[in-house]
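Chain residues, written in single-letter form:
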Amino acid sequence: MERTLSIIKPDGVGRGLAGEVIGRMEKAGIRICAMKMVRLTIEQARMFYAVHRERPFFDSVTRFMTSGPIIAMVLEAENVIKKNRDLMGATNPEQALPGTIRKDFASDVEKNIVHGSDGPETAAVEIKFFFSDLEMQQ
Ligand code: IDP
Ligand code: MG
């Protein structure tokens, strides 16, 4: 069994899409083992997206991530990192496949509804960022 970190971003929560996103995950056979709603500070958002600190969109995306509450989740399934990325679709909704969350709902390349870890090492670090071992006993 594999685990990954998923986030419903401020646009997804604000537009009332949390149920839709979670429903798609559950229908895909993904189990939610931890979940919390938080509002990140700018320092926390900059830490979370630190790998992108040299990118031109860093200030904008980190401000966006603090613009409202987000829902962080630990997902579990066989191959869940890829499964979740497949459900999400490409970063840019214009390039996302039909039927993906981003194709169906994202406004643009920044406000794209969901985050998902992109590999096992990232998943481990990102899960720790939001959840303690105690919160993942489920
Ligand atoms: P991912 O979320 O599909 O893994 P990343 O390349 O890791 O995409 O980028 C992290 C986040 O930064 C994206 O989900 C999006 O919100 C934002 N982002 C990525 N590329 C751009 C861009 O070119 N312009 C504005 N925001 C971007
Ligand atoms: Mg990424």
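Heads up: these notes are all about the structure in this document. Just so it is clear, the structure is predicted and the values come from calculations on it, not from any experiment.

1. With respect to helix 2 (residues 18-27)
Link 1 in the chain: Of all the positions in helix 2, only A18, V21, I22, G23, R24 and M25 are classed as buried.
Link 2 in the chain: Following helix 2 by one or two positions, G29 adopts a phi angle in the positive range, close to 85°.

2. What to know about the packing of aromatic side chains
Link 1 in the chain: What the rule picks out here adds up to 4 aromatic pairs.
Link 2 in the chain: Where F48 meets Y49, the ring centres are 5.2 Å apart and the plane angle is 65°; that geometry is what we call edge-to-face. Residues F48 and Y49 agree in their burial class; the two are buried.
Link 3 in the chain: Ring geometry for F48 and F129: centres 5.4 Å apart, planes at 65°, overall edge-to-face. Of this pair, F48 sits in helix 3 (residues 42-48) while F129 sits in helix 7 (residues 120-130), placing them 81 residues apart in sequence.
Link 4 in the chain: According to the relative accessible area criterion, F129 is partly exposed, its value standing at 30%.
Link 5 in the chain: One aromatic cluster is present, built from ring pairs that chain together F48, Y49, F129 and F130.

Calculation criteria
- Residues numbered from 1 in each chain as written.
- Chains lettered and ligands numbered in written order.
- Predicted model: local features only at pLDDT ≥ 70, side-chain atom pairs only at ≥ 80, totals over all residues.
- Heavy atoms only, no water.
- Buried < 20%, exposed > 50% of the residue type's maximum accessible area, 1.4 Å probe, protein only.
- Helix = DSSP H or I, 4+ residues; strand = E, 2+ residues; numbered from the N terminus.
- Phe/Tyr/Trp six-rings, centres within 6.5 Å; stacked < 30°, edge-to-face > 60°.

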